[in-house]
Amino acid sequence: MTRKVLITGVTGQDGACLAQFLLEKGYEVHGMVRHSSSANLERIEGLRDRIELHQADLLDQLSIITIIQQIRPHEVYNFAAQSFVPTSWSQPLLTGEFTALGVTRMLEAIRLVDPSIRFYQASSSEMFGNVREEPQNEQTSFWPRSPYGVAKVYGHWITVNYRESYNIFACSGILFNHESPLRGKEFVSRKVTDAVARIKLGLQDKLVLGNIDALRDWGYAGDYIEAAWLMLQQDRPDDYVVATGIKHSVRDLVELAFGHAGLDWRDHVESDQSLFRPAEVNTLCGDASKARRVLGWAPRVSFAELIRMMVDADLERVRREKAVSAS
Ligand code: GDP
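Residues numbered from 1 in each chain as written. Predicted model: local features only at pLDDT ≥ 70, side-chain atom pairs only at ≥ 80, totals over all residues. Heavy atoms only, no water.

**Let's talk about the site of the ligand**
The condition is simple: The rule for a residue being near a molecule or strand is that one of its heavy atoms must lie within 4 Å of it. Two N or O atoms count as a polar contact when they lie within 3.5 Å, although within protein this holds only if one can serve as hydrogen donor and the other as acceptor, and sequence-adjacent residues are included solely when both atoms are side-chain atoms. Only the protein chains shown count as covering a residue, and every accessible area follows the Shrake-Rupley method with a 1.4 Å probe. When residues are sorted by character, Ala, Val, Leu, Ile, Met, Phe, Trp, Tyr, Cys and Pro go into the nonpolar class, Asp, Glu, Lys and Arg into the charged class, and all the rest, Gly among them, into the polar class.
Every one of the 17 residues lining the ligand counts as a neighbour, but K191, G210, R216, R277 and E280 are closest to it. Note that an oxygen atom of the ligand is positioned 2.9 Å from one of the side-chain N or O atoms of N177. When the free accessible area of the ligand is taken as 530 Å², the share hidden by the protein chains comes to 95%. Its residues assigned to classes, the shell around the ligand comprises 8 nonpolar, 3 polar and 6 charged.

**What to know about the state of the cysteines**
Heads up, the rule is: Cysteine sulfur atoms that pair up within 2.5 Å are treated as a disulfide.
The tally for this structure, following the rule as stated, stands at 0 disulfides. The thiol sulfur of C171 is not disulfide-bonded, and the nearest other cysteine sulfur, from C17, lies at 19 Å.

**Describing the sheet that holds strand β2 (residues 28–33)**
Basically, it comes down to this: Strands are labelled as partners when DSSP assigns at least two bridges between them. Numbering of helices and strands starts at the N terminus; helices are DSSP runs of H or I of at least 4 residues and strands are runs of E of at least 2. Note on definitions: angles span 0 to 180 degrees between N-to-C directions of axes, and those axes are lines fitted to C-alpha atoms, for helices only across the stretch in contact. Every residue pair with non-hydrogen atoms within 4.5 Å of one another is taken to be in contact.
Strand order across the open sheet formed by 7 strands is β3-β2-β1-β4-β5-β6-β11, with parallel pairing between neighbours. Among the strands making up the open sheet, the edge pair consists of β3 (51–55) and β11 (239–242). Here the strands of the sheet are splayed against their neighbours by 20° on average, with no regard to which way each runs. As judged from the 4 bridges shared by strand β1 (residues 4–8) and strand β4 (residues 75–78), these two strands associate in the parallel manner. Considered in β4, the bridge of L6 is made with V76. Contacts from helix α4 (residues 92–113) reach β1, β4, β5 (118–124) and β6 (170–175), with the element oriented near 170° to β5.

**What to know about the nonpolar core**
Note on soluble globular proteins: their nonpolar side chains tend to be buried together. Formally: Nonpolar cores are built from buried Ala, Val, Leu, Ile, Met, Phe, Trp, Tyr and Cys residues. Side-chain atoms within 4.5 Å join them into one set. Only protein chains enter the area calculation, which uses a 1.4 Å probe; residues under 20% of their type maximum are buried, those over 50% are exposed, and those in between are partly exposed.
Counting 38 residues, the largest nonpolar core has L22, V29, Y77, Y120, M231 and W297 as the members making the most contacts within it. Mapped onto this core, the elements with two or more residues apiece are β1, α1 (13–24), β2, β5, β6, α7 (221–231), β11 and α9 (289–295). One finds W218, F258, F303 and L306 within the second-largest nonpolar core, a separate group that totals 28 residues.

**Brief notes about a negative patch on the surface**
Filter applied, for reference: Only residues above 30% relative accessible area that lack a salt bridge enter a patch, with like-charged residues linked at up to 9 Å and the nonpolar side chains Val, Leu, Ile, Met, Phe, Trp and Tyr linked at up to 5 Å. Salt bridge, as used here: a side-chain nitrogen of Lys or Arg that lies within 4 Å of a carboxyl oxygen of Asp or Glu. We count Lys and Arg on the positive side and Asp and Glu on the negative side, and we leave His and both chain ends out. One atom stands in for each charge, and that atom is NZ of Lys, CZ of Arg, CG of Asp or CD of Glu.
A contiguous patch of negative charge, built from D205, D267, E270 and D272, is present on the exposed surface. Inspection of the secondary structure puts D267 in the loop between α8 (250–260) and β13 (269–271). On the basis of relative accessibility, which here comes to 48%, the residue D267 falls in the partly exposed class.

**Description of the pairing of β1**
Under the convention used in this document: A clockwise path from the first strand over the helix to the second, with the strands pointing away from the viewer, defines a right-handed crossover.
Of all 5 residues in β1, 4 are buried; the element is thus mostly enclosed. Inspection of the sheet shows β1 paired to β2 by 5 bridges, in the parallel sense. Residue I7 lies in a different strand from β2, and its bridge partner there is G31. Handedness of the β1-α1-β2 crossover: right-handed.

**Considering helix α5 (residues 147–166)**
Worth spelling out the cut-off: The span you would expect from a helix comes to 1.5 Å times its residue count less one.
Relative to the 28 Å expected for 20 residues at 1.5 Å per residue, α5 spans 28 Å between its end C-alpha atoms, a close match to the ideal helical length. For α5, the full list of buried residues reads Y148, G149, A151, K152, V153, G155, H156, I158, T159, V160, Y162 and R163. Buried-residue contacts for α5 involve α3 (85–90), α4, β5, β6 and β11. Backbone geometry just after α5 places N167 at a positive phi near 60°.

**Describing the domain arrangement of the protein chain**
As a reminder, the rule being used: The domain boundaries here were taken from an automatic or database domain assignment. The term buried area denotes the loss of accessible surface (1.4 Å probe radius) that occurs when two parts are joined, taken as the sum for both partners.
Domain assignment breaks the protein chain into domain 1 (4–178 + 218–242) and domain 2 (184–216 + 246–284 + 302–326). A per-residue breakdown of the area domain 1 buries against domain 2 is headed by F84, R145 and W218, which together make up 44% of the total. Linking domain 1 to domain 2 there are 2 salt bridges. At the junction of domain 1 with domain 2, the criterion picks out 2 residue pairs in polar contact (both at pLDDT 80 or more). Those elements giving two or more residues to the side of domain 1 that touches domain 2 turn out to be α3 and β10 (219–220). Sort the elements by how many residues they give to the side of domain 1 that touches domain 2 and α3 lands first, with 3 residues.

Here it is, written out as structure tokens:
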């Protein structure tokens, strides 16, 4: 029997990446999208004839119950969220509605319609925030540093709680930062690689960043969504850290990206206090040994390969856009 999957946040980086991965595995793929006056389907453009989209909203309980009843998926991946950390300070309540309570609404729909549906919650290394130990593993206590991080802690624990209360096969994947050419341009990796391409091709000269001393454990999104899928294929549900175990500074990222395009970052990058965050997560580094041991998972793409891949993709895209606008 064909396995059916419902992906929330299917128009985002992870949703689009997982949709592609599961189509290749033979799944019938359904995506949940919010009604919007300007649809943002760019990342799933090439998959449109192979995935079925359903309108529902994490803020609307009935809409979620309805589509789960219609689709009756075997697996649900909850990637939908207000996921940009700075926005969580300007819209803390909305962030709580989507990123925290939205998880309960998904779990309630599963509990009511069919508690045998397997559920994946996209938890985040931002939950570790002001880190209590290094590297961080599944036992490390949380100290979130943004309304986003706080909301993700709620999402994590409600997932654990529905597993313990109702025996739902619910897993929380604590994913460290993961990037790809599909990453939104507001995140630092893509902001940098997009700027490198535009500077290289003469469309821009400066790049203004915030705190370039921040340290992150960056991996490749394509590797990480595979870990999410593996979690739902096990005999029992559990929580896993997914990370590379290697940290780099934003400065390292910048140096590598500019260097790959033959540019010196010092000629172009400025740091502006207004882009610093009210409370910063200074350092993150994950210990994914449980994922390695139980899921047999390991990252394949290195940090340097990832950044080069993103710069190359942006160079190609900006070149194409430039040619179109010139013709
Ligand atoms: P996050 O870890 O989920 O917040 O992912 P981001 O890619 O948004 O940010 C990663 C780190 O880069 C954070 O510590 C930011 O403070 C730092 N950073 C420095 N400059 C910038 C910038 O211009 N944009 C963003 N998004 N982050 C920046």
